[in-house]
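# Close look at the chain arrangement
Below are the chains, spelled out letter by letter.
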Amino acid sequence: MERNKILTKDKLGFSGMLKEALKILFKTPKFVALSFMTSLPLFCCMLIHELWLQKTLIDAAKFMSPSQEQLEFRDVISIRFYQQIDPPRKMAQFIEQYGPAFLQLGLLYLPLIHLPDLVNTVGVVSSASAMYSDEKLVDLKETFGRSAFRRSLITSIYVLLMASMVFLGLLAIASQVYLLSSDGRLTWPSSIYVLLFIALLYKYVQWRSLWNLGLVTSILEEKHGYVALGVSAYVSRGNRRHGEAVSAMLFVWKVSLRLMATAYVAFHEGDQMRAVLVTALQVFLVCSGNVVKWVFFMIFFCDCKIRFLEKKVDVEEGEGEASVKTVTAS
């Protein structure tokens, strides 16, 4: 979006951005159709991935739950002795038995989820930007024929690497909480790790907002990689709370849907048709949330640019007035 068109837009608050996002979503049937087409590959791939992930999570939860033998073992010996030998042994067995399955899910994430998600992101952001700036809505061939996809792919790899490091950090902290807990109850050492987990999760939500803004920058601007992420951090200074709020809501939305679907499938284990239908509903709601998210972040990016350009114009005008006064005085 050009600078002049950006400056014609009004600055928006959180509710104003949501209203504009919903207005774009239902403004023309063509945008809805394009969003559906770009979300369909993501829906299919995510459904396969979620079904596999659900089975792995349910089996892992059964493995980690205390069995009757373990309960009798606790009654025979002291809790201190159980605490010393059982959690590490249980963790080692868990890694040995379910580590390869989770590793396969992680490796399949890139071709199965990441690339279709990127296609959906580029299509939604490009189309929403055209509608927001009152331009002609481009078709899919024209959208992905540009260099926007290449730029966004490079930026998304940066984001994926950083998100993976945060996830590994959360996983390491969670394992320490389990190992340091006493008989399923928190101790002082494990409580410290719980606080670290919450702090890192909070920072992840904040970083996620900047990463999303960086992806939008890669699609709409001639920037990619760490440059796009740096630009997004620079232009959003002092105006990040709206993006962080949406990132937090969508994070809770995705996690809640996944937990509810997994719990439902676990309680109705054996009914494959019901499991597929419930998971399909979960994935559909997640994909719908993704579309809303990217439309919102496109508007959020434009709002940040408006505020940034206004500050820049004010600074330039102030410098101009100062130079005029200096020349006049001399």
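### Topic: a nonpolar patch on the surface
A cluster of nonpolar side chains, F36, M37 and L40, forms an exposed patch at the surface whose accessible area comes to about 320 Å². Checked against the element boundaries, M37 lands in helix 3 (residues 29-64).

### Brief notes about the packing of aromatic side chains
For the structure shown, the criterion picks out 10 aromatic pairs. Taken together, a centroid distance of 6.2 Å and an interplanar angle of 40° make the contact between F94 and F102 tilted. Here F94 falls in the buried class, since its relative accessible area comes to 19%. Aromatic pair W294 and F297: ring centres 6.4 Å apart, planes at 55°, arrangement tilted. On the criterion of helical spacing, the pair formed by W294 and F297 is a turn pair, its members being three residues apart in helix 11 (residues 272-329). We classify W294 as buried; its relative accessible area is 2%. Among the aromatic side chains, those forming a connected cluster through ring pairs are Y204, W207, W211 and F251.

### A short note on the UniProt feature "transmembrane region" (unreviewed entry) in the protein
Within this structure's numbering, the places UniProt gives as "transmembrane region" (unreviewed entry) are residues 31-53, 157-180, 186-205, 246-267 and 279-302. The span residues 31-53 shows a helical share of 100% and a strand share of 0%, and its end C-alpha atoms are spaced 32 Å apart. Helix and strand shares over residues 157-180 are 100% and 0% respectively, and the end C-alpha atoms of the span are 35 Å apart.

### A closer look at the environment of L229
Take L229: it is sitting in helix 9 (residues 225-235). L229 sits 12 residues away from T217 along the chain, and the two C-alpha atoms are 7.8 Å apart. Beyond its immediate stretch of four places on either side in the chain, L229 contacts T155, Y158, V159, M162, L210, W211 and G214.

### As for the side chain of D303
With respect to the secondary-structure elements, D303 resides in helix 11. Among the polar contacts listed, one links the side chain of D303 to the side chain of N239, at a separation of 3.1 Å.

### Side note on the confidence of the model for the protein
Overall, the predicted model of the protein reaches an average pLDDT of 80, with 79% of residues at or above 70. The lowest-confidence element of the protein is helix 4 (residues 68-76), averaging 45 in pLDDT; the highest-confidence one is helix 8 (residues 188-220), averaging 91. Scored below 50 in pLDDT, residues 68-85 shows 18 contacts in the model against residues more than four places distant or in partner chains.

### Examining the packing of helix 7 (residues 148-180) against helix 8
Where helix 7 meets helix 8, the axes come as close as 9 Å, and the angle between the chain directions of the two elements is 175°. Classified by the angle between their axes, helix 7 and helix 8 sit roughly antiparallel to one another. Class assignment of the residues belonging to the contact of helix 7 with helix 8 gives a composition of 22 nonpolar, eight polar and two charged.

### Structural notes on the environment of Y264
Here Y264 is to be found in helix 10 (residues 241-267). When the C-alpha positions of Y264 and R274 are compared, they lie 9.3 Å apart, and in sequence the two are 10 residues distant.

Scoring rules and cut-offs
- Residues numbered from 1 in each chain as written.
- Predicted model: local features only at pLDDT ≥ 70, side-chain atom pairs only at ≥ 80, totals over all residues.
- Heavy atoms only, no water.
- Patch = residues over 30% accessible without salt bridge, like charges linked within 9 Å, V, L, I, M, F, W, Y side chains within 5 Å.
- Areas by Shrake-Rupley, 256 points an atom, 1.4 Å probe, with all protein chains shown as cover.
- Salt bridge = Lys/Arg side-chain N within 4 Å of Asp/Glu carboxyl O.
- Helix = DSSP H or I, 4+ residues; strand = E, 2+ residues; numbered from the N terminus.
- Phe/Tyr/Trp six-rings, centres within 6.5 Å; stacked < 30°, edge-to-face > 60°.
- Buried < 20%, exposed > 50% of the residue type's maximum accessible area, 1.4 Å probe, protein only.
- UniProt positions renumbered as here; feature names shortened; annotations may be inferred.
- Contact = heavy atoms within 4.5 Å.
- Polar contact = N/O pair within 3.5 Å; in protein donor to acceptor, adjacent residues only side chain to side chain.
- pLDDT = per-residue confidence, 0-100.
- Axes fitted to C-alpha atoms, helices over the stretch in contact; angles between N-to-C directions.
- Parallel < 35°, antiparallel > 145°, perpendicular 65-115°, else oblique.
- Nonpolar A, V, L, I, M, F, W, Y, C, P; charged D, E, K, R; others polar.

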